[in-house]
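Take a look at the letters that make up each chain.
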Amino acid sequence: GEMNSFYGNGFTLVEILIASTVAMVVGVLLMGILVSHSGTFYKESSIVAEGLGLNDAMTGIDSHIRQAANVAAGYPESFPAYTTGASTLVLKLPSYDGSGPLGNLYDYVVIYRDLTQPKVLRLQVFPQPQSQHRIIPTLPSIIHLFILN
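Quick caveat: nothing in here was measured; it's all calculated off a predicted structure. (Residues numbered from 1 in each chain as written. Predicted model: local features only at pLDDT ≥ 70, side-chain atom pairs only at ≥ 80, totals over all residues. Heavy atoms only, no water.)

**Quick word on the overall build of the protein**
The secondary structure content of the protein amounts to 2 helices and 7 strands. Mapped in sequence order, the helices and strands of the protein form the string α-α-β-β-β-β-β-β-β. When each of the 149 residues of the protein is scored for burial, the buried share is 21%. Total accessible area on the protein stands at roughly 10800 Å², and carbon and sulfur atoms take up 65% of it. (Helix = DSSP H or I, 4+ residues; strand = E, 2+ residues; numbered from the N terminus. Buried < 20%, exposed > 50% of the residue type's maximum accessible area, 1.4 Å probe, protein only. Areas by Shrake-Rupley, 256 points an atom, 1.4 Å probe, with all protein chains shown as cover.)

What follows is the structure, given as structure tokens:
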């Protein structure tokens, strides 16, 4: 009588196999969901990072525009390699050194649409040799903007 009560309290082999199979199926489904959502997370994170980079680039361009004395017709002024037009902006900024403005000297900033990659804006700074105006370290010389046109 004691032997029957001892063996009657446990699980059968079939019950253990069924429980293991159900646990494995649920585990595989959960892993699939986690993997698919982690890809979405990385994609969304890169979109946010790209947006922050665009914001930094636009802040840099805005800073150059606000500092500009005027919009120049072209750079260099004598024989322009860059001319202000529909896809190019030439800005004329006062040159500065450590003590302040350098009289009638100007630095130039050219922002233009890349001809081979129409969704890319490029920014180039042409400072006077005495000027301390240099490109902002956080602002790349190539700015990827997604232009709608």
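**Regarding the pairing of strand β5 (residues 100-113)**
With 9 bridges connecting them, strand β4 (residues 88-97) and β5 associate as antiparallel partners. Counted as the bridge partner of L91 is V109 from β5. The antiparallel hairpin formed by β4 and β5 contains 2 residues in its connecting segment. Direction of pairing for β5 relative to strand β6 (residues 120-126): antiparallel, over a ladder of 6 bridges. Counted as the bridge partner of R113 is L121 from β6. Between β5 and the antiparallel strand that follows it, β6, lie 6 residues. (Pairing = 2+ DSSP bridges.)

**Focus on the side chain of K92**
Tracing the chain through its elements places K92 in strand β4. Among the residues examined, K92 registers a relative accessible area of 16% and is labelled buried. A polar side-chain atom of K92 sits 3.2 Å from a polar atom in the side chain of E77. If we ignore the near neighbours within four places in the chain, the residues touching K92 are A68, A69, N70, A72, E77, Y106, D107 and Y108. (Polar contact = N/O pair within 3.5 Å; in protein donor to acceptor, adjacent residues only side chain to side chain. Contact = heavy atoms within 4.5 Å.)

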